[in-house]
Amino acid sequence: MGFLAQNISPNLEEWELEEEAFLKSILSTLSPRRRLAALLSIGMVTAVEVSNRISVNVFLPDMQGNVGASSDEISWVIILYNVGYLCSLALAAWMTRVIGTRRHLLLSIALYATGSMGCVTAHTLHQLLISRLIMGFGGGAFLVRVVILSGMLFPGREKLAAVTRLYLLIAFFEVLYPVSTGWITDLVRWNYAFLIDFPFLAIGAFLIWKLIPPGFLFERKTGLHIDVWGAVPLIASMACLETALSRGERDLWFESYWILLAMIAAAIFLIAFMWWEFRPENTAPVLHLRMVWRQGSLRASFFLVLIVGGFFGAGLYVTPQYLRFVQDYSATQAGGFISMYTLGLGVGIQLTLRVFLPRLGPLRTMTIGFMALFATYITIVYATTPTTPTALLAPMIFMQGFSIAPALVAAGNIVTSSATLADVNDISTSYFFVRQLGNTFAVTGATVLFDHRMTLHSSRLLDVANRLDPTVSSTLSQYAGLIHRNGGGGSNPSLGALQLFQNQVITQSRLLSYVDNYFGLALLAAVALIIIAFSNIKATLARHHFLPW
């Protein structure tokens with residue numbers, strides 16, 4: 001995502017020099033019009049994947065009811081997609097070398113479409129979970145690939161115009177998808193919301209087949225092996241880690257034998273992967289970790305990239321649940337609010353690309369983004385109630401998306417600011433991989449925090465109710481009287497009044513737990529500002545002679 005950065009060539013390894021020369025010779029044969037058409041074709045498929053991933057949170061409660069799943073079981077819809085997504089993302093740079101960019105994209109579209117069709121026809125939880133896993137394996141390739149190609153196809157000042165058009169296209173889908181899928185869910189059934197994907201996937205596949213040059217984007221010498229010994233432990237490590245993090249709170253973490261085993265397996269597989277990748281005889285690794293480690297900007301901003309991914313994951317996890325379970329909005333209405341979030345994100349990205357980043361540089365832009373996020377989340381903490389009016393709720397959600405844009409663009413720009421043409425593939429893949437890890441950690445953290453605070457708030461509210469017994473008795477009497485007048489002869493006023501009271505306690509407990517999550521996100525923004533203040537990012541950028549334009 002180093003959209004405006006200048007690529008600088010430090011001391012490169014032999015393979016980097018060969019790939020850079022090969023890339024320049026290939027790209028010089030493509031006209032600017034064909035480059036833009038190819039970028040936007042991949043961008044359309046990327047927009048479908050990103051928009052669908054955001055929209056699933058809107059109709060997750062409807063999905064749960066239709067397949068007869070518990071809240072614990074339906075969480076695997078998100079877990080398994082993330083498992084497939086992380087594994088696909090980790091292998092993205094390597095796959096372009098193994099089968100070529102065009103084949104990799106077409107294979108990913110086929111996997112994603114297969115999983116999406118499985119969701120359309122799913123009537124059981126098992127079929128739905130398998131389909132989501134396949135979708136994740138396909139979907140992990142698109143975003144990282146379109147960002148990498150934007151830097152390769154449009155060097156220098158050409159990047160700004162190309163990336164502006166790319167993100168306008170993605171923002172268009174992101175704004176329309178949530179409300180459209182919510183409307184289909186309310187009108188027909190959640191399964192049919194996945195049918196929106198197919199026309200765009202078909203058009204995108206045809207255009208990619210026509211516009212992307214065949215063969216390998218990176219020249220491969222004969223005799224280079226496929227790095228199976230690197231791919232297998234990496235996939236196994238990510239699968240174990242994602243499962244352990246997502247299931248840990250529900251299974252009491254290390255009190256569960258399976259969670260402990262998964263964490264140990266994840267660590268062992270990761271160590272084995274890193275040991276193999278750093279060995280000099282591995283001439284075609286999954287990730288060129290020696291080269292990645294050489295990038296000071298990535299090392300310096302590692303935790304900031306994690307935090308940026310965390311804001312994406314936790315923010316989109318908490319907001320739809322608050323809208324559906326506390327405010328009791330329909331899927332269409334909740335989708336409209338999420339569209340406000342994506343609209344704010346799109347506007348923020350365009351403003352960052354055009355104004356903040358060129359004038360302020362990446363470090364100050366990132367600082368502004370984290371300050372805006374801190375202010376936005378503090379505002380949400382104090383303004384969120386069970387009946388917050390739409391006129392106040394919509395601007396807050398808009399600002400949540402708008403505020404994350406400067407931090408998002410600046411973080412990507414810092415990481416890839418010194419990447420050469422040959423290194424863009426591996427550096428950008430590493431950036432998105434770290435960001436997705438932050439997303440995973442944040443969702444896990446939000447789940448843990450919600451469960452703990454839900455228990456705490458419920459017990460405290462019931463304790464207060466016991467101490468305010470006259471008030472509670474009066475409230476229960478009013479509920480019972482209401483049920484007696486309107487419930488008919490078969491109703492049980494006392495039992496109904498108790499159920500209404502319990503629902504009020506649950507709603508209030510949920511609200512306070514969501515507010516605690518927003519407060520945690522505000523603290524996370526403060527931590528990011530502290531890291532910026534005391535880290536060596538500024539010195540690292542100075543050593544690499546970063547140019548913001």
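Residues numbered from 1 in each chain as written. Predicted model: local features only at pLDDT ≥ 70, side-chain atom pairs only at ≥ 80, totals over all residues. Heavy atoms only, no water.

**Focus on helix α10 (residues 197-211)**
Point 1. With 15 residues, α10 should reach 21 Å at 1.5 Å per residue; the first-to-last C-alpha distance of 21 Å fits that figure.
Point 2. All of the buried residues along α10 are D197, L201, G204, A205, I208 and L211. Along α10, the residues classed as buried sweep out an arc of 150° about the axis, all on the same side.
Point 3. Looking at the buried residues of α10, the elements they touch are α2 (32-55), α6 (101-121) and α9 (158-187). (Helix = DSSP H or I, 4+ residues; strand = E, 2+ residues; numbered from the N terminus. Expected span 1.5 Å × (residues − 1). Buried < 20%, exposed > 50% of the residue type's maximum accessible area, 1.4 Å probe, protein only. Arc of directions from axis to C-beta. Contact = heavy atoms within 4.5 Å.)

**What about helix α17 (residues 390-415)?**
Because each turn of an α-helix spans 3.6 residues, side chains separated by three or four positions in sequence point in the same direction.
Point 1. Its 26 residues give α17 an end-to-end C-alpha distance of 38 Å, which sits within 8% of 38 Å, the value for a rise of 1.5 Å per residue.
Point 2. Across the 26 residues that make up α17, a large majority, 19, are buried.

**A short note on unusual backbone geometry**
Point 1. Positioned with a positive phi, D328 is a non-glycine residue whose angle comes to about 65°.
Point 2. Checked against the element boundaries, D328 lands in the loop between α15 (302-326) and α16 (331-383).
Point 3. Here D328 falls in the exposed class, since its relative accessible area comes to 63%.

**Side note on the packing of aromatic side chains**
Point 1. Taken as a whole and assessed by the stated rule, the structure comprises 18 aromatic pairs.
Point 2. With a centroid separation of 6.1 Å and 45° between ring planes, the pair formed by F311 and F370 is classed as tilted. Separated by 59 residues along the polypeptide, F311 in helix α15 and F370 in helix α16 bring together distant segments of the chain. Of the two residues, F311 and F370, both sit in the buried class.
Point 3. For the pair F311 and Y377, a centre-to-centre distance of 5.9 Å together with 15° between the ring planes defines the contact as stacked. Taken together, the residues span a long stretch of sequence, with F311 in helix α15 and Y377 in helix α16 at a distance of 66 residues.
Point 4. Taking the ring centre of F325 as reference, the NZ or CZ of R510 above it sits at 4.7 Å. (Phe/Tyr/Trp six-rings, centres within 6.5 Å; stacked < 30°, edge-to-face > 60°. Lys NZ or Arg CZ within 6 Å of the ring centre and 35° of its normal.)

**Re the side chain of Q350**
Point 1. As for its position among the elements, Q350 is in helix α16.
Point 2. Of the residues examined, Q350 reaches a relative accessible area of 14% and is grouped as buried.
Point 3. In this structure the side chain of Q350 is engaged in a polar contact, spanning 3.3 Å, whose partner is the backbone oxygen of T164.
Point 4. Excluding residues that lie within four positions of it along the chain, Q350 makes contacts with T164, Y167 and L168. (Polar contact = N/O pair within 3.5 Å; in protein donor to acceptor, adjacent residues only side chain to side chain.)

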